[in-house]
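# Examination of the molecular architecture
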Number of protein chains: 4
Amino acid sequence: MMIIVMKKTATKEQIEALLRRIKRWGFETHLSTGDNKTVIGIIGKGETLQERAFLAFDGVENVMQVNKPYKLVSREFHPEKTIIDVKGTKIGGKNIVIMAGPCSVENRDTVMEIAKAVSSRGAAILRGGAFKPRTSPYSFQGLGEEGLKILRQAADENNMSVITEVMDARYLELIGKYTDIFQIGARNMANFTLLKEVGKSKLPVMLKRGMSSTLQEFLLAAEYIMSEGNESVILCERGIRTFEQYTRNTLDLAIVPAIKELSHLPIIVDPSHATGRKYLVAPMALAAIASGADGIMVEVHTSPSEALSDGAQALLPDDFGKMMSSVDIIAKAVDRTV
Amino acid sequence: MMIIVMKKTATKEQIEALLRRIKRWGFETHLSTGDNKTVIGIIGKGETLQERAFLAFDGVENVMQVNKPYKLVSREFHPEKTIIDVKGTKIGGKNIVIMAGPCSVENRDTVMEIAKAVSSRGAAILRGGAFKPRTSPYSFQGLGEEGLKILRQAADENNMSVITEVMDARYLELIGKYTDIFQIGARNMANFTLLKEVGKSKLPVMLKRGMSSTLQEFLLAAEYIMSEGNESVILCERGIRTFEQYTRNTLDLAIVPAIKELSHLPIIVDPSHATGRKYLVAPMALAAIASGADGIMVEVHTSPSEALSDGAQALLPDDFGKMMSSVDIIAKAVDRTV
Amino acid sequence: MMIIVMKKTATKEQIEALLRRIKRWGFETHLSTGDNKTVIGIIGKGETLQERAFLAFDGVENVMQVNKPYKLVSREFHPEKTIIDVKGTKIGGKNIVIMAGPCSVENRDTVMEIAKAVSSRGAAILRGGAFKPRTSPYSFQGLGEEGLKILRQAADENNMSVITEVMDARYLELIGKYTDIFQIGARNMANFTLLKEVGKSKLPVMLKRGMSSTLQEFLLAAEYIMSEGNESVILCERGIRTFEQYTRNTLDLAIVPAIKELSHLPIIVDPSHATGRKYLVAPMALAAIASGADGIMVEVHTSPSEALSDGAQALLPDDFGKMMSSVDIIAKAVDRTV
Amino acid sequence: MMIIVMKKTATKEQIEALLRRIKRWGFETHLSTGDNKTVIGIIGKGETLQERAFLAFDGVENVMQVNKPYKLVSREFHPEKTIIDVKGTKIGGKNIVIMAGPCSVENRDTVMEIAKAVSSRGAAILRGGAFKPRTSPYSFQGLGEEGLKILRQAADENNMSVITEVMDARYLELIGKYTDIFQIGARNMANFTLLKEVGKSKLPVMLKRGMSSTLQEFLLAAEYIMSEGNESVILCERGIRTFEQYTRNTLDLAIVPAIKELSHLPIIVDPSHATGRKYLVAPMALAAIASGADGIMVEVHTSPSEALSDGAQALLPDDFGKMMSSVDIIAKAVDRTV
């Protein structure tokens, strides 16, 4: 269902031309008038029509969609929360899931050390990039398959699952051999061919919100994945780009309860990428849990100042440990467990 | 102290002209060269110089301020947290302060009812607008002095303090007769004449962050007030304007721990104006406390659907009560009290 | 006229409660249903209702305003363009008006020099700040009345008109003695008490768009002025705040043709404040004229590197002269004159 | 070269630890002190270091890059403008290049009609999408190879070149068979694997600025392509995402002269996607030329209200023709030809 407001100056001919077209597309219309303006209601499955298409007609002032343009991700059509089971770790249930690890996989020893450190402090899922999207072509680009092997081994030795980013559909099969969850990074949230490919996969997908993506676009990107058959989608808020540049991005925590209202999918928060400053990570992790997030993803490094990427935001294991104690308390305060 | 980077193409004459000028202004300079670029360090009290002024010189590529441009608000110069005492309610200490009340003062009975409701549920400070800034000239503009009287009476009968907005220096004296805290609204954060006037007052001032104000501009606005002698400044984050419009504004909670690092002033969060949607208020209030805020300001109304302004975001007393129970638990979790 | 979309889960009671309230407010309603959603049309003068107010009702999903919330500034109600006559200079007609001068009035000699320079190169209106809004309390704050006198004299000696900023209603009378046009700065665009005061004045007002103001809010601010009786309002685009910080602000030139479609008021562009970099001023001035602007406001200084404020963006008289030659050519290309 | 500002509270040990590390990385350092703050200059090829990496060190307050992080795209290292020759059409020279055509290729007849219409009115390059990135999975996704064939034929019959989008490295070879210029869309500006692939190609690449990409990130994305050996990169401004939503995006025209200062690459402007409203396209096209753009890309459709995507912003051939007459005049005004 859609509503079209005609300009005050719209002619009878313009209105009729529009009505004919809508009928030709197979929709019914409903006309009303007020304050000298004609308003046309289009009745039928609105999600197949595009708001902007109607602005092309002469005499049209504004167009408004009544229905939400997504369906599979919507709580309207799927009222119960989705719980995703990753080797026994439930994401989206009462339990708060902790994903932690280095920004990128740099060498075996460091990853082993970090995996052990975060596992022993409560993390169930090991994060780490083997293929890195980097703004500059001169930055470290990742270890590739070698990195995936290290990640897998480190996770296995510590009874953890693996999450790692897939940036290109061509590597999907390769990465799928090593990971338990595919991560779609913020830069690829609107890479629709990639979304479709992971949609055909059987593995859970964690979709990070694009830096300039609205809530609706974020949910539509998840709809892309689900519409290919993959129902195991985890959403992840990691900050949006705004004029404020003291922090790397602006963490939009209000999206957490909003997503819980609009969708049944689990929502994770990444305070490391969002803030880009170490001392802000723990307070934002606690705030995320308090706002209702189903988990957090945090960068931890045993030697942040040696990290080849994003060291500035990585916590030391001990800081991570301290944060976990507080996470535990806040989780209980909102009736969750870690 | 400032650092000026000259263009690769800068001539000797351009560099010398700049050095002469800086010396004439009473500063010392320090020259260094690297990668074929000349870098000039200016030594002296940088806060009296303007970064942009140097871009006017031919040959200058970039200018960087080494020192922060504010001083009085800075934790560097005032390491202990400021605690402001408003009739016994301490703002900025261990205690979380709760400010609650209607968006605007509409009539005596409603305000009395609301004051009683929020006071009995833990609010120490009564909020309410008597003079309202409204985007449209056709919206309700507030009751004026009559509203102030109602607010004062409602607070007194419930042993609360009053906070209300001052929009114009001409009303400062009048409003000062009734209120305990002056509120400077987001739209007036950069109204420098108003900032100076409240800076001369003896009453505490709560300064709301402007919708498009950076962290640094926010602190500079507080510096304006303090530089006139008023040391009782409370900061308030209420959301910034971004491309995301599902929420009214984007609540920038990372600013809370950032302000605690950079400044000694207390920081309050207003989740009502930030989100503009009732169901998001409580989760964001809890997130604010978890992130380290010194208090929250919440709109409460006994009949939101009758409210003449901003009803959509006002909580019912019972919802406020439920929120307060959770606030209590979260506060304890971060070692605070309500 | 307004349209309210109810949630799919809205109960009959919720819908009826809302209908009763709307009727009590004196409006008629019109109900329709599609895709299992109820849509309520409210018939009557929508501009007195607030969209957000309806979100307070249980069961409401979304609210859409059919009518524009402004009237006096709207081209719907006033199809002919407004032309404002300032001592013979027509703003909003075929002629492109040039406002030029220093950012702030610093001393008599410099202003005299600048006025002569810009006048002889085609500027009809002299700009200059006597009271300056400054982000830092430690920056130069302006000469006050002395500055106004200098400005008036410099204009008179060169047969120019004066435009200068009024930041505080208390100075309106004083400034009114010296200026021909009141300027409301971007920081005060939403200072509604000030808007009302200049609305009562007889002098033309140039209203600068707020840094984070939408097109609609900009027009509503102009409506504030007009609703007090002052019909001589000039709009001025000066850049909005975005994530891009290479330029001081992002000049939103598309607003120029948009304003010409939606409103009858003249629209001026200020490329100096928008870009903050000297070398970008002339290209953006030309682009502004090409996009349909009725004039430009440009900072010119005889010695930018000595300027006490915003020297970085001020043109030298010769650069201004060169720009004016191009402005002349572009103006002719779009069938305007300078 | 980089500059690191230490916190006032930084200890001697922290400073020394940092100095040791920098030396270990092979750089020289230069220490200076002012206002009680230590400033470290790092001497060497700064572009291989990351600003954010230094924030990970204890005691570091701020880090500033002196050198630009890009090189191949920079005018510093390549002062003459790049001119790209596409089958005789020169992009980046004195001539203004016009790219026009439908948003997406829908059927042979329409494309033939449009190609003829735009060619006869001055367009040299035919645009059209065969593979479409769409926000909703339920929108029209493009004709694929069939669309490419139609586009090629339409271009050949009208003596035009073809530009079309490549969204996925897997289709590069296929699309390369039909197109003369690869277009990288805004959503893929930070798809670094795709950038590298087109960087290995011999065909020119037009890179659209990402919706939330800064000027520096835009240039770095072009650097990715050039660093793989492809020197024929055309930049395209198509609007950024801001809070203003009357227009689809905010066209950032100041980036045009900025890019001409910082880079030698040609810059094209797309006013159709930027504004999303038909009546704004021509004024913004003229403004683009006036600001110094090397060309424009415009959507034209013979029946916009039948278009399956983005009809709202497509011009009719006659409107395009009228626009071209004005483009011609403005081009001459800025000493260019069409």
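Let me begin by describing the structure that accompanies this report.

Cut-off values and rules
- Residues numbered from 1 in each chain as written.
- Chains lettered and ligands numbered in written order.
- Predicted model: local features only at pLDDT ≥ 70, side-chain atom pairs only at ≥ 80, totals over all residues.
- Heavy atoms only, no water.
- Least-squares fit on C-alpha atoms with pLDDT ≥ 70 in both.
- Contact = heavy atoms within 4.5 Å.
- Helix = DSSP H or I, 4+ residues; strand = E, 2+ residues; numbered from the N terminus.
- Pairing = 2+ DSSP bridges.
- Axes fitted to C-alpha atoms, helices over the stretch in contact; angles between N-to-C directions.
- Phe/Tyr/Trp six-rings, centres within 6.5 Å; stacked < 30°, edge-to-face > 60°.
- Buried < 20%, exposed > 50% of the residue type's maximum accessible area, 1.4 Å probe, protein only.
- Lys NZ or Arg CZ within 6 Å of the ring centre and 35° of its normal.
- Disulfide = S-S within 2.5 Å.
- Core = buried A, V, L, I, M, F, W, Y, C linked by side-chain atoms within 4.5 Å.
- Buried area = accessible area lost by both parts, 1.4 Å probe.
- Salt bridge = Lys/Arg side-chain N within 4 Å of Asp/Glu carboxyl O.
- Polar contact = N/O pair within 3.5 Å; in protein donor to acceptor, adjacent residues only side chain to side chain.

Okay, the relation of the copies chain A and chain D next. Once turned by 180° and shifted 0.0 Å along the axis, chain A lies on chain D with an RMSD of 0.0 Å. Considering both components of the superposition, the chain copies are consistent with a two-fold axis. For chain A, the minimum C-alpha distance to the rotation axis belongs to Ser212(A) and amounts to 2.9 Å. Same-surface contact between copies: 100% of interface residues of chain A are shared with the interface of chain D.

Turning our eyes to something else, we now look at the side chain of Glu165(C). Along the chain, the position of Glu165(C) falls in strand β9 (residues 161-165). Excluding its chain neighbours within four sequence positions, the residues that come into contact with Glu165(C) are Pro133(C), Ile175(C), Gln183(C), Gly185(C) and Asn188(C).

Further remarks concern the sheet that holds strand β8 (residues 125-127) of chain B. Strand order in this closed barrel of eight strands is β7-β8-β9-β10-β11-β12-β13-β14 (chain B), and the pairing throughout is parallel. Neighbouring strand axes in the sheet, compared pairwise and without regard to direction, differ in orientation by 25° on average.

In this section: the packing of aromatic side chains. Here the distance between the centres and the angle between the planes together describe a pair of aromatic rings. Residues and elements named next belong to chain D. Tallied over the full model, the rule gives 12 aromatic pairs over all chains. On the basis of an interplanar angle of 25° and a centroid distance of 6.4 Å, the ring pair of Phe 54 and Phe 57 is categorised as stacked. For Phe 57, a relative accessible area of 10% gives the class buried. Ring geometry for Phe 192 against Tyr 224: centres 4.6 Å apart, planes inclined by 15°, an arrangement best described as stacked. With Phe 192 in helix α6 (residues 192-200) and Tyr 224 in helix α7 (residues 215-227), the pair connects residues that are 32 residues apart, well separated along the chain. Across the pair, exposure class does not vary: Phe 192 and Tyr 224 are buried alike. Sitting over the face of the ring of Tyr 171, Arg 170 holds its NZ or CZ atom 5.9 Å from the ring centroid.

Rotating chain B by 180° about the axis while translating it 0.0 Å along that axis superimposes it on chain A, leaving an RMSD of 0.0 Å. Interface residue correspondence from chain B to chain A reaches 100%, placing this contact among same-surface, isologous pairings.

It is worth spelling out the state of the cysteines at this point. All names here are of chain C. Applying the stated criterion across every chain yields a total of zero disulfides over all chains. Left without a disulfide partner, Cys 103 is nearest to the cysteine sulfur of Cys 236, which lies 13 Å away. Take Cys 103: its relative accessible area is 4%, and that puts it in the buried class.

Here the focus is the nonpolar core. Ranked by size, the top nonpolar core spans 167 residues in total, and within it Phe320(C) and Phe320(D) carry the most contacts. The next biggest cluster of nonpolar side chains, apart from the first, holds 166 residues, and it includes Leu286(A), Phe320(A), Ile289(B) and Leu315(B).

At the junction of the two partners, chain A supplies 56 residues and chain D supplies 56 residues. For the chain A and chain D pair, buried surface summed over both sides reaches about 4,700 Å², with 49% attributable to carbon and sulfur atoms. For the pair chain A and chain D, the number of links is four salt bridges. With a shortest N-O distance of 2.6 Å, Arg241(A) and Glu217(D) are connected by a salt bridge.

For the rest of this paragraph, the subject is the interface of chain B and chain A. Residue-level contacts link 35 residues of chain B with 35 residues of chain A. Summed over both sides, the interface between chain B and chain A buries roughly 2,600 Å², with carbon and sulfur atoms accounting for 78% of that surface. Where chain B packs against chain A, one counts two salt bridges. Linking Glu244(B) and Arg209(A) is a salt bridge whose minimum nitrogen-to-oxygen distance equals 2.8 Å. Between the two partners, chain B and chain A, sit four residue pairs in polar contact (both at pLDDT 80 or more).

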